[in-house]
Amino acid sequence: MAAMALVPSYSPSLWVRVCHALPRLDLSMVMRDNSFVPDSWEYQQTLLVLSSLSAVALVISLLVVLSFLIHYCCCHRGDRSEGSEEEEEDEDASTGHGYSGRKGRGICCVTWVAVASVTLCCVAIGVGFYGNSEANDGMYQLTSSLLTANYTLASIDLLISDTISGLQLSIAGPLTSMEELFTGSKPFLVSTRNCRRLSDNVINLLSSISMARSSGGLVNDSSSIGAPIAALTPVPPSIAPTMSPSGGIMPSPFSPGWAANTLMVNEDYRWLSYVLLLLLDLIVCLFILLGLAKQARWLLILMTVLSWLALFLSWGSLGLETASVVALSDFCTDPKMFVLNSTHFNSGTSSDVLDYYLTCSRRMNTPFQQPLTQSQRALSNIHTHLSSLDRNALPLFPKAEKSLREVQQILNSTEGNFHQLVALLNCRGLNKDYIDSLKGLCYDGMEGLLYLSLYSFLSALAFTAILCSLPGAWRSFPSDSEDYEDSDSESEDPFTSHQARRQTAAGSQRGALPPFYNYPGASWTPPFSSAPPLPTPNVSSNGNPGYESLPLTDRQSPPPSYSPSMLTGYGGSSQSHPNSTHSRNLYSR
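Residues numbered from 1 in each chain as written. Predicted model: local features only at pLDDT ≥ 70, side-chain atom pairs only at ≥ 80, totals over all residues. Heavy atoms only, no water.

### Points about the overall build of the protein chain
And then number 1: Scanning the protein chain from terminus to terminus reveals 18 helices and 2 strands.
And then number 2: Burial analysis of the protein chain (589 residues in total) assigns 39% to the buried set.
And then number 3: In the protein chain, the proportion of contacts linking residues at least 24 apart, taken out of those at least 6 apart, comes to 76%. (Helix = DSSP H or I, 4+ residues; strand = E, 2+ residues; numbered from the N terminus. Buried < 20%, exposed > 50% of the residue type's maximum accessible area, 1.4 Å probe, protein only. Contact = heavy atoms within 4.5 Å.)

### Remarks on the pattern of salt bridges
And then number 1: Within the structure shown, the criterion is met by 8 salt bridges.
And then number 2: Between E267 and R270 there is a salt bridge, with the nearest N and O atoms lying 2.7 Å from each other. Note that E267 and R270 are positioned in helix α7 (residues 256-294) at a spacing of 3 residues, about one turn of the helix.
And then number 3: Residue E401 pairs with R405 through a salt bridge whose shortest N-O separation is 3.9 Å. Of the two residues, E401 and R405 both sit in helix α12 (residues 401-424), 4 residues apart, roughly one turn of that helix.
And then number 4: Sharing partners across several salt bridges, the network here consists of D390, E401 and R405. (Salt bridge = Lys/Arg side-chain N within 4 Å of Asp/Glu carboxyl O.)

### Re the packing of α7 against helix α8 (residues 297-333)
And then number 1: Running from amino to carboxyl end, α7 crosses α8 at an angle of 150 degrees, the nearest separation of the two axes being 10 Å. Judged on the interaxial angle alone, α8 and α7 are roughly antiparallel. With respect to the hand of their crossing, α7 and α8 are arranged in left-handed fashion. Residues Y274, L277, L280, D281, I283, V284, F287, I288, L290, G291 and L292 of α7 pack against L299, L300, M303, L306, S307, L309, A310, L313, S317 and E321 of α8.
And then number 2: Here the residues of the contact of α7 with α8 sort into 16 nonpolar, 3 polar and 2 charged. (Axes fitted to C-alpha atoms, helices over the stretch in contact; angles between N-to-C directions. Parallel < 35°, antiparallel > 145°, perpendicular 65-115°, else oblique. Left-handed = near helix turned anticlockwise from the far one by under 90°. Nonpolar A, V, L, I, M, F, W, Y, C, P; charged D, E, K, R; others polar.)

### Considering a nonpolar patch on the surface
And then number 1: Together, F129, W271, L272, L276, L279, I283, L286, F287, L289 and L290 make up a nonpolar patch on the protein surface, roughly 850 Å² of accessible area in all.
And then number 2: Top contributing element to the nonpolar patch by residue count: α7, with 9 residues. (Patch = residues over 30% accessible without salt bridge, like charges linked within 9 Å, V, L, I, M, F, W, Y side chains within 5 Å. Areas by Shrake-Rupley, 256 points an atom, 1.4 Å probe, with all protein chains shown as cover.)

### Considering the nonpolar core
And then number 1: Formed by 42 residues in total, the largest nonpolar core has its most connected members in F182, I209, Y357, L421 and L425.
And then number 2: Every element with two or more residues in this core is listed here: α4 (101-172), α5 (174-181), α6 (186-208), α10 (351-359), α11 (369-392), α12 and α13 (427-475).
And then number 3: Residues contacting Y357, with those up to four places away along its chain left out, are F368, L425, N426, C427, L430 and N431.
And then number 4: L58, A114, A296 and Y455 belong to the second-largest nonpolar core, a separate cluster that totals 32 residues. (Core = buried A, V, L, I, M, F, W, Y, C linked by side-chain atoms within 4.5 Å.)

### A word on the state of the cysteines
And then number 1: This model, assessed by the stated rule, comprises 2 disulfides.
And then number 2: Disulfide pairing places C332 opposite C442 at an S-S distance of 2.0 Å. Here the S-S torsion is close to -90 degrees, and the disulfide linking C332 with C442 is therefore left-handed. With C332 in helix α8 and C442 in helix α13, this pair connects stretches of sequence that are 110 residues apart. Residues C332 and C442 agree in their burial class; the two are buried. (Disulfide = S-S within 2.5 Å.)

### Some points on the environment of R17
And then number 1: In this fold, R17 is placed in helix α1 (residues 14-20).
And then number 2: Since its relative accessible area comes to 40%, R17 is described here as partly exposed.

### Details of α7
And then number 1: Between its first and last C-alpha atoms α7 spans 56 Å; for 39 residues at 1.5 Å apiece the expected length is 57 Å, and the two agree.
And then number 2: Immediately beyond the C-terminal end of α7, within one or two residues, lies Q295, with a positive phi of roughly 55 degrees. (Expected span 1.5 Å × (residues − 1).)

### Description of the packing of aromatic side chains
The description of an aromatic ring pair uses the distance of the two centres, along with the angle that the planes make with each other.
And then number 1: Taken as a whole and assessed by the stated rule, the structure comprises 11 aromatic pairs.
And then number 2: Measuring from centroid to centroid gives 5.7 Å for F36 and F331, while their planes differ by 65 degrees, and the two rings are edge-to-face. Of this pair, F36 sits in the loop between α1 and α2 (41-85) while F331 sits in helix α8, and the two are 295 residues apart along the sequence.
And then number 3: Seen from their ring centres, F182 and F188 are 5.7 Å apart, and the 55 degrees between their planes marks the pair as tilted. (Phe/Tyr/Trp six-rings, centres within 6.5 Å; stacked < 30°, edge-to-face > 60°.)

### Some details on the packing of α5 against α12
And then number 1: Remark: α5 packs on α12, axes separated minimally by 9 Å, with the N-to-C direction vectors making an angle of 145 degrees. The handedness of the crossing between α5 and α12 is left-handed. Touching P174, L175, S177 and M178 of α5 are S403, L404, E406 and V407, all from α12.

### Re unusual backbone geometry
And then number 1: Of note, M29 is a non-glycine position whose phi angle comes to about 60 degrees, a positive value.
And then number 2: One can find M29 in the loop between α1 and α2.
And then number 3: Residue classification places M29 among the exposed positions, given a relative accessible area of 56%.
And then number 4: One non-glycine residue with positive phi stands out, namely C360, at about 50 degrees.

### Some details on the environment of Y43
And then number 1: Take Y43: it is sitting in helix α2.
And then number 2: Its relative accessible area of 4% is what places Y43 among the buried residues.
And then number 3: The spatial distance from the C-alpha of Y43 to the C-alpha of R24 is 8.6 Å, given a sequence separation of 19 residues.
And then number 4: Once residues within four sequence positions are removed from consideration, Y43 is found in contact with R24, S35, F36, V37, P38, V326, A327 and D330.
And then number 5: Within the structure, Y43 has its side chain in polar contact with the side chain of D330 (distance 2.6 Å). (Polar contact = N/O pair within 3.5 Å; in protein donor to acceptor, adjacent residues only side chain to side chain.)

### Thoughts on the environment of L205
And then number 1: Its location among the elements puts L205 in helix α6.
And then number 2: When its relative accessible area of 17% is taken as the criterion, L205 is described as buried.
And then number 3: C-alpha of L205 to C-alpha of Q374: the two residues are 169 residues apart in sequence and 7.7 Å apart in space.
And then number 4: Discounting chain neighbours no more than four positions away, the residues touching L205 are P371, Q374 and S375.

Structure representation (structure tokens):
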């Protein structure tokens, strides 16, 4: 923790410190250190033990679901035989749902448990989508910083290589020609040889600070060696040239470009895998709700099978996320030490150079200060010698003008490249990329992994509850054969629901309903009713009862009269009625 105090603009977050403080046990249940050493077998054992906790939770979930299945399969058989004796009593107390009172309450409870579990799963899916997006944002920031740093290092190597190539070209070409021309003049020959010697010194000094081992493949052989090159600055990672990873094996010289491309490929697969998992959970939840609403037994059985798959995937992803969160918290607690060690072992870069770029403190001097200062002095001396030759030698040796102008052009390009090189070698640019990569990985990436862990845990609990409640729900639904029998018996009314048909069939078994009208002369006696008696109609002068003072609903109006021609239209009506004579007398009134 004290080492991180030197890193500007970064400090481990609260979640990083909490996860880093978790106890670590290896397979032999011995406490281990929580330092981030991914290549150590002891450290890998601690991660395996933490991941195995999700396997223990999976076993507990399976036992819970198995106990509920045994309860539904075995215990309900005895309840079914006992409940058949009380079926008629339960039908009398049936509710509007079409189920008996006690049975209806049980089915309602099971259904609401399933709905609550699906709601919890939907909440977990929302958390998962947010966590997946946060983790993707963190990885994008990490890869962008690595690509920018890779381009900066490649630009440094390109400037150094072009400067060295230009100086070598000047030594092999124009300076050699000038030495041949100034053979008879010792002062001019000494100045030319001093320019050659100083150019060799600059080449050696720039070669000592070359970072070609970290460029990642951007340095290439230019056909126009010695020509001036434009200023090179970091560009957005989307267009920065990088080296595509040729395989999964890390190259011996570590390259930020190789690491960025490898991380991008792996992140694409990770993001797509989580999106597919989230969509699977969402589809299962939606179809469970549809099956409960439609009372589709086959759909719920299919969703039960998919729920088993989602349960295993949820607990498995939780194990991977637990190990990733703990390992990431160990790295983010002290990333500087791991970067120093791993980069030093893979590329052999000096620890002083790495510490300068990772820390970038004002109190620290650049490790390239001495070779840069000596190179600048050598270039200044070369420029002084060329100016002296331009003033004194050209009037005497006009043939040396072309070679002298070529050397001066190469020197001007070299000085321009040198100033760009000094700016790029400053620690502020690379340190900013380092800090940005840490923020993306340890802030957004850590937060995304924690949300994904919460999603996996909640979805696992939800699917455990769903698997416990769904068998009781779809077993209580009517079978397809019962639905077909009900639809056949009530085929004349296709708009009547199955529950209403069952209630009508149950009512027909108890007895036919009494007629609604009370006809004069009929022997039927109305049943006892608590309604108030109807008012007595007033008798008019011609003996007909008067109903003008009564409301329409209280009148005992007779049925409509039918003519004999209308009665003959109903063929076989006398045969269908048990008392045809009484029927004809009744209609003739």
